[in-house]
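Okay, here's what each chain looks like letter by letter:
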Amino acid sequence: MVKSGKARAHTNIALIKYWGKADEALIIPMNNSLSVTLDRFYTETKVTFDTQYSKDTLVLNGKEVDAKETVKIQRFMDVVREISGTTAHAYIESDNFVPTAAGLASSASAYAALAAACNEALGLELSGKDLSRLARRGSGSASRSIYGGFVEWEKGHDDSTSYSHPIEANDWESDLAMIFVVINNQSKKVSSRAGMSHTRDTSRFYQYWLDHVDEDIAEVKHAINNQDFKHLGEVFEANGLRMHATNLGAQPPFTYMVDESYRVMEIVHECREAGYPCYFTMDAGPNVKILVEQKNKAAVVDALRKSFDETQVIMSDITNKGVEIIK
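Residues numbered from 1 in each chain as written. Predicted model: local features only at pLDDT ≥ 70, side-chain atom pairs only at ≥ 80, totals over all residues. Heavy atoms only, no water.

Named according to an unreviewed UniProt entry, the protein chain is diphosphomevalonate decarboxylase originating from Staphylococcus gallinarum. Check the Sequence similarities (unreviewed entry) section of the UniProt entry for the protein chain; it says "Belongs to the diphosphomevalonate decarboxylase family." (UniProt positions renumbered as here; feature names shortened; annotations may be inferred.)

So, about helix α5 (residues 206-226). In this model α5 runs 30 Å from its N-terminal to its C-terminal C-alpha over 21 residues, within 8% of the 30 Å that 1.5 Å per residue would give. Every buried residue belonging to α5 is among Tyr206, Trp209, Leu210, His212, Val213, Asp216, Ile217, Val220, Ala223 and Ile224, and all of these are buried. If you follow the buried residues of α5, they end up packed against β1 (2-16), β4 (33-50), β8 (150-154), β9 (163-167), α4 (192-202) and α6 (229-248). (Helix = DSSP H or I, 4+ residues; strand = E, 2+ residues; numbered from the N terminus. Expected span 1.5 Å × (residues − 1). Buried < 20%, exposed > 50% of the residue type's maximum accessible area, 1.4 Å probe, protein only. Contact = heavy atoms within 4.5 Å.)

The next thing to look at is the pattern of salt bridges. The full count for this structure, using the stated rule, is 21 salt bridges. With a shortest N-O distance of 2.6 Å, glutamate 44 and arginine 8 are connected by a salt bridge. Of this pair, glutamate 44 sits in strand β4 while arginine 8 sits in strand β1, placing them 36 residues apart in sequence. Overall, the relative accessible area of 22% leaves arginine 8 in the partly exposed class. Between glutamate 69 and lysine 72 there is a salt bridge, with the nearest N and O atoms lying 3.8 Å from each other. One end of the pair, glutamate 69, and the other, lysine 72, are both in helix α1 (residues 67-84), three residues apart, so they sit about a helical turn from each other. Since its relative accessible area comes to 32%, lysine 72 is described here as partly exposed. One connected set of salt bridges, linked through shared partners, spans Asp130, Arg133, Arg136, Arg137 and Asp159. (Salt bridge = Lys/Arg side-chain N within 4 Å of Asp/Glu carboxyl O.)

Of all hydrophobic cores here, the largest spans 43 residues; its most connected members are Leu34, Phe150, Met178, Ile224 and Leu232. Looking at this core, the elements that each hand over two or more residues are β1, β4, β8, β10 (176-181), α5 and α6. In contact with methionine 178, not counting residues within four places along its chain, are Ile13, Leu15, Val36, Leu38, Lys289, Ile290, Leu291, Ile314, Met315, Ser316 and Ile318. Ala9, Val47, Ala116 and Leu131 belong to the second largest nonpolar core, which has 31 residues in total. (Core = buried A, V, L, I, M, F, W, Y, C linked by side-chain atoms within 4.5 Å.)

Time to look at the sheet that holds strand β11 (residues 278-281). Strands pair in a sheet through their backbones, by hydrogen bonds, and they do so in one of two ways: parallel or antiparallel. Reading across from one edge, β11-β12-β10-β13 is the order of the four strands in this open sheet, with antiparallel pairing throughout. Sheet topology places β11 and β13 (313-317) at the edges, where each strand pairs with a single neighbour. Here the average twist between neighbouring strands, direction ignored, is 25°. Across the sheet, helix α7 (residues 259-273) lies against β10, β11 and β12 (288-293), angled at about 160° from β11, the strand it touches most. (Pairing = 2+ DSSP bridges. Axes fitted to C-alpha atoms, helices over the stretch in contact; angles between N-to-C directions.)

Here we take up the side chain of asparagine 96. Mapped onto the elements of the fold, asparagine 96 is located in strand β7 (residues 89-97). Overall, the relative accessible area of 19% leaves asparagine 96 in the buried class. When sequence neighbours within four positions are dropped, the list of residues in contact with asparagine 96 reads Tyr42, Thr43, Leu60, Asn61 and Ser106.

If you trace the backbone, histidine 10 turns up in strand β1. From its side chain, histidine 10 meets the backbone oxygen of aspartate 39 in a polar contact 3.2 Å long. In this structure, histidine 10 is in contact with Thr37, Leu38, Asp39, Phe41, Tyr42, Ser109, Ser145, Thr319, Lys321 and Glu324, ignoring residues within four places of it in sequence. (Polar contact = N/O pair within 3.5 Å; in protein donor to acceptor, adjacent residues only side chain to side chain.)

What follows concerns the environment of serine 94. Position of serine 94 relative to the elements: it lies in strand β7. Relative accessible area serves as the criterion here: at 6%, serine 94 is assigned to the buried category. Sequence-wise, serine 94 and glutamate 125 are 31 residues apart; in three dimensions their C-alpha atoms are separated by 22 Å. Once you skip the residues sitting within four places of it in the chain, serine 94 turns out to touch Thr43, Glu44, Thr45, Leu58, Val59, Leu60 and Asn61. Reaching out from serine 94, the side chain makes a polar contact with the side chain of threonine 45 at a distance of 2.9 Å.

Counted under the stated rule, the structure contains 10 aromatic pairs. Ring centres of phenylalanine 229 and tyrosine 279 lie 5.6 Å apart, and the angle between their planes is 65°; on these two criteria the pair is classed as edge-to-face. Of the two residues, phenylalanine 229 is situated in helix α6 and tyrosine 279 in strand β11; the sequence distance between them amounts to 50 residues. Three or more aromatic residues link up through ring pairs in this structure, and these residues are Trp19, Phe254 and Tyr256. (Phe/Tyr/Trp six-rings, centres within 6.5 Å; stacked < 30°, edge-to-face > 60°.)

With that settled, consider the pairing of β12. By the criterion of burial, β12 is predominantly enclosed, with six of the six residues buried. Because side chains alternate across β12, one face comprises the buried residues Val288, Ile290 and Val292, and the other comprises Lys289, Leu291 and Glu293, equally buried. Bridge count between β10 and β12: six bridges; the pairing is antiparallel. When the sheet's bridge partners are listed, isoleucine 179 is paired in β12 with isoleucine 290. Across four bridges, the pairing between β11 and β12 is antiparallel. By the bridge assignment, threonine 281 is partnered in β12 with lysine 289. Between β11 and β12, which pair antiparallel and follow one another directly, the connecting turn spans six residues.

Structure representation (structure tokens):
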């Protein structure tokens, strides 16, 4: 038995953050989150199942991955085998179309593409909801990369209830763009996984964060429905800052922000004062993401390039394309 499938999935950036897991094994989050899917950054993955293979193998960008990454892939493929009933192992070829310096984690697009490729190869005919659930088992944010545009990940309370779904925006996403300011693409002292767990377990600010996420989600959905960019930006910018504040309340405290991160924030404020609305967010790292309307993108990029090298300022449109099968 030899069965193959190939798929493409785009990465996403959370506007309302997911920070902390309620279930580490199943990757069930502590709170709902909401993201936008990016046009420029994506992963293409081909998976081939063969009963002659004795193990799962992942070749990423032309090179076989190390033992640590292999263990993660094998764990995910065990979930696929459990769902499908197959006993075959797989040979996985994956290419990340993400600029090396972008400071972007590619796990979202990687596991979304792998989940879709497995679905195609094995003829599972999973619904979008179930494909999202499967992708989540590899990486939480991959749950959101099954869809394009604005996407909400429902935290749920178990494997069957934790999944993502798209949010109707009447094509408003085509009017928006995201700018990335790459400050540091080196390995972080505190990984995302470790930062989430440490903050959830020790931060005196963490409960306050949780208490306001549902309100933020509702406000953002209201802004999307009304195509109110200012309201959208104000809510997600505050949400991102609150997430980072939980890290400062941890014991011991830590931060992902550096001096250059604060400089980008200052430039964003200066752009707003100059009449070019834009709003920032940050994930578990020092790099800053800025959401802006297409009509103001050039002005904001010009302002950023006065303080940062051209190679540090990377742009992407928002795509409404979800995961795609490649024939």
